[in-house]
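Structure at a glance
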Amino acid sequence: MATNSAAASLHLLLPTSRRRLVPRASHSQADSTPPTVDRRRFIAHTAAAAAVTPLVLPPWAPAARADETPALSEWERIYLPIDPGVVLLDIAFVPDDPSHGFLLGTRQTILETKDGGNTWFPRSIPSAEDEDFNYRFNSVSFMGKEGWIIGKPAILLHTSDAGESWERIPLSAQLPGNIVYIKATGEKSAEMVTDEGAIYVTSNRGYNWKAAVQETVSATLNRTVSSGISGASYYTGTFNTVNRSPDGRYVAVSSRGNFYLTWEPGQPFWQPHNRAVARRIQNMGWRADGGLWLLVRGGGLFLSKGTGITEDFEEVQVQSRGFGILDVGFRSQDEAWAAGGSGVLLKTRNGGKTWVRDKAADNIPGNLYSVKFLGESKGFVLGNDGVLLRYVG
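Residues numbered from 1 in each chain as written. Predicted model: local features only at pLDDT ≥ 70, side-chain atom pairs only at ≥ 80, totals over all residues. Heavy atoms only, no water.

Topic: the nonpolar core
Note the threshold: Grouping buried Ala, Val, Leu, Ile, Met, Phe, Trp, Tyr and Cys residues that are joined through side-chain atoms within 4.5 Å yields what is termed a nonpolar core. Burial classes follow relative accessibility: with a 1.4 Å probe on protein chains only, a residue under 20% of its type's maximum area counts as buried, one over 50% as exposed, and anything between as partly exposed. Helix and strand labels come from DSSP, where a helix needs a run of H or I of at least four residues and a strand needs a run of E of at least two; each type is numbered from the N terminus.
Judged by nonpolar contacts, the single largest core of 16 residues is most densely connected at Ile 110, Phe 137, Phe 142, Ile 149, Leu 157 and Trp 166. Mapped by element, the contributors of at least two residues to this core are strand 2 (88–94), strand 3 (97–105), strand 6 (136–143) and strand 8 (155–159). A per-element tally of this core places strand 6 first, with 3 residues. Of all hydrophobic cores here, the second largest spans 15 residues; its members include Leu 295, Leu 301, Val 328 and Phe 330.

Overview of the sheet that holds strand 6
Formally: Strands were regarded as paired on the criterion that DSSP finds at least two bridges between them.
On the basis of which strands lie adjacent, the open sheet formed by 4 strands has the order 6-7-8-9 and antiparallel pairing. At either margin of the open sheet sits one strand with a lone partner, and together these are strand 6 and strand 9 (167–168). Of the strand pairs in this sheet, strand 7 (residues 146–152) and strand 8 are connected by 5 bridges, and their pairing is antiparallel. Note on strand 8: the bridge partner recorded for Ile 149 is Leu 157.

Some details on the side chain of Thr 194
Cut-off, in case you're wondering: Between two residues, a contact is recorded if the distance between any of their heavy atoms is within 4.5 Å.
Checked against the element boundaries, Thr 194 lands in strand 11 (residues 189–194). In contact with Thr 194, other than residues within four places in its own chain, are Leu 175, Pro 176, Gly 177, Asn 178, Ile 179, Val 180 and Phe 239.

Here's the deal with the pattern of salt bridges
Under the convention used in this document: Salt bridge, as applied in this entry: a Lys or Arg side-chain nitrogen positioned within 4 Å of an Asp or Glu carboxyl oxygen.
What the rule picks out here adds up to 13 salt bridges. Here Lys 114 and Glu 164 are joined by a salt bridge, their closest N and O atoms 3.9 Å apart. Here the residue Lys 114 occupies a position in the loop between strand 4 (109–113) and strand 5 (121–122), and Glu 164 occupies one in the loop between strand 8 and strand 9, the gap between them amounting to 50 residues. Given the relative accessible area of 48%, Lys 114 is considered partly exposed.

A closer look at the environment of Asn 243
In plain terms, the rule: We call two N or O atoms a polar contact when they sit within 3.5 Å, provided that within protein one can donate a hydrogen and the other can accept it, with sequence-adjacent residues counted only if both atoms are side-chain atoms.
With respect to the helices and strands, the residue Asn 243 is situated in strand 14 (residues 239–244). Asn 243 sits in the partly exposed class, given a relative accessible area of 23%. Through-space distance from the C-alpha of Asn 243 to that of Trp 286 is 7.5 Å; in sequence the pair is 43 residues apart. Residues contacting Asn 243, with those up to four places away along its chain left out, are Arg 249, Tyr 250, Val 251, Asn 283, Met 284, Gly 285 and Trp 286. A polar contact is formed between the side chain of Asn 243 and the backbone oxygen of Met 284, at a distance of 2.5 Å.

Looking at the sheet that holds strand 28 (residues 388–391)
Under the convention used in this document: A fitted line through C-alpha atoms represents every axis, and for helices the fit uses only the stretch in contact; the resulting angles, taken between N-to-C directions, go from 0 to 180 degrees.
Across the sheet, which stays open at both edges, the 4 strands sit in the order 1-28-27-26 with antiparallel pairing between neighbours. Bordering the open sheet on either side are strand 1 (75–78) and strand 26 (368–373), each of which pairs with just one other strand. Sheet twist, expressed as the mean angle between neighbouring strand axes with direction ignored, is 25°. Here strand 27 (residues 379–383) pairs with strand 28 via 3 bridges, running antiparallel. Across the sheet, Phe 380 pairs through a bridge with Arg 390, a residue of strand 28.

So, the packing of aromatic side chains
For clarity, the cut-off: Geometry of aromatic contacts follows a simple scheme: Phe, Tyr and Trp rings, the Trp one being its six-membered ring, pair when their centres are within 6.5 Å, and the pair is stacked under 30 degrees between planes, edge-to-face over 60, tilted otherwise. Either the NZ atom of lysine or the CZ atom of arginine qualifies as a charge over a ring when it sits within 6 Å of the ring centre and within 35 degrees of the ring normal.
Summed over all chains, the structure comprises 17 aromatic pairs. Aromatic pair Phe 239 and Trp 270: ring centres 5.0 Å apart, planes at 65°, arrangement edge-to-face. On the criterion of sequence distance, the pair formed by Phe 239 in strand 14 and Trp 270 in the loop between strand 16 (259–263) and strand 17 (271–274) is long-range, its members being 31 residues apart. Taken individually, Phe 239 and Trp 270 each receive the classification buried, so the pair is uniform in this respect. Members of the aromatic cluster, each reached through a chain of ring pairs, are Tyr 181, Phe 239, Tyr 250, Trp 263 and Trp 270. In this arrangement the basic side chain of Lys 378 is found over the ring face of Phe 93, its NZ or CZ atom lying 4.0 Å from the centre.

Quick look at the pairing of strand 20 (residues 300–304)
Along strand 20, 5 of the 5 residues are buried, which leaves the element largely enclosed by surrounding structure. The two faces of strand 20 match: Gly 300, Phe 302 and Ser 304 on one face and Leu 301 and Leu 303 on the other face are all buried. Two successive antiparallel strands, strand 19 (residues 292–296) and strand 20, enclose a turn made up of 3 residues, where Gly 298 displays a positive phi of approximately 105°. The sheet contact formed by strand 20 and strand 21 (residues 313–316) spans 4 bridges and is antiparallel. Directly across from Leu 303, in strand 21, lies its bridge partner Glu 314.

Points about the pairing of strand 24 (residues 345–348)
Here strand 24 shows two buried faces, one formed by Leu 345 and Lys 347 and the other by Leu 346 and Thr 348. Examined bridge by bridge, strand 23 (residues 336–340) and strand 24 share 4 bridges and lie antiparallel to one another. Bridging from a neighbouring strand, Ala 336 pairs with Thr 348 of strand 24. Following strand 23, the chain reverses through 4 residues before pairing antiparallel with strand 24; Ser 342 in that reversal takes a positive phi of roughly 55°. Summarising the sheet, strand 24 and strand 25 (residues 356–357) pair through 2 bridges and their orientation is antiparallel. Note that in strand 25 the partner of Lys 347 across the bridge is Val 356.

Re the confidence of the model for the chain
Worth spelling out the cut-off: Per-residue confidence from the prediction method is given by pLDDT, with values spanning 0 to 100.
Summing up the model confidence of the chain, the mean pLDDT is 82 and the portion of residues at 70 or higher is 78%. Contacts for the low-pLDDT stretch residues 1–37, under 50 throughout, to residues beyond four places or in other chains number 28 contacts. The model gives residues 39–71 a pLDDT under 50, and that stretch makes 3 contacts with residues more than four places away or in other chains.

This is how it looks when you write it as structure tokens:
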């Protein structure tokens, strides 16, 4: 995951030139005041009555304009029983029981919920507790009652009863790179990816794995020195981020952010691509319509022209306040949310063409790293220091 340093929060200043217009009393209203009442005493009594009497508008009074009344946020913060400093990394729910889910993070953090994400409690998995390691749990995925959890140092956990019990699956010491992502793909089946570009699939609950690509990314790039990819010659780096589309395609960003790679099922190797922008890439992922989104360091957002894998992108203007945007999550083809440093939270209703800022996380002193929508009605934003936002619509 990307780790931009948190920047100092900005103070929002209300414009001093805005004035409130107070209508003057008409002559008839002034004349209706009893002459025996002192004017100052009358004003004092009126102010006191207003302080204890709620303001009731008549039914014919016009409603406040949307641009005058701040809208309620579509997110609420969920407070978690974890230590400060924990970075949340992934979340998933059991399809057969949408109220039952798991939340992962650094410092061996595994949390469980059984009420849809309103409350969470620590989950102890004996096979994942080792005094010699402080696991960083990176990814969790469910299909039916079958689920998978992976972490670093290399650890693989599997459940076949919706997480009631977990077993640890042995992994080869020769595994190239660190496992960064896993996806449940069917009964007893899963697909996992390492940060060196190795992709493995299993169909027997993880007891045997088969390579889906013939070599790691570094081997591919170093073998094809004349590929024309800037910064790819003698490549020894790893993936910075990797994202999977619903149909099994991958897009990954090199650790330096100077190019990106894609892979489609059936291809023997990863395909490298030059970045089409001057700034280095922060993260990339898939839109709901099958196109790509691309984030660059410094807060820039780009969308691919059309759908599918391409190198043709155009920039979209966003109000990032100068902070980096770290992730984008699509709730539907039209609605998406972007999150980033210092509580940046942005929303689009037109597929990403225009974005507006949501102030829900402005006062949260931390970075928002990941946006996860698990259906149109269930969404979460994950951040550092145990920050979890839940979508309430």
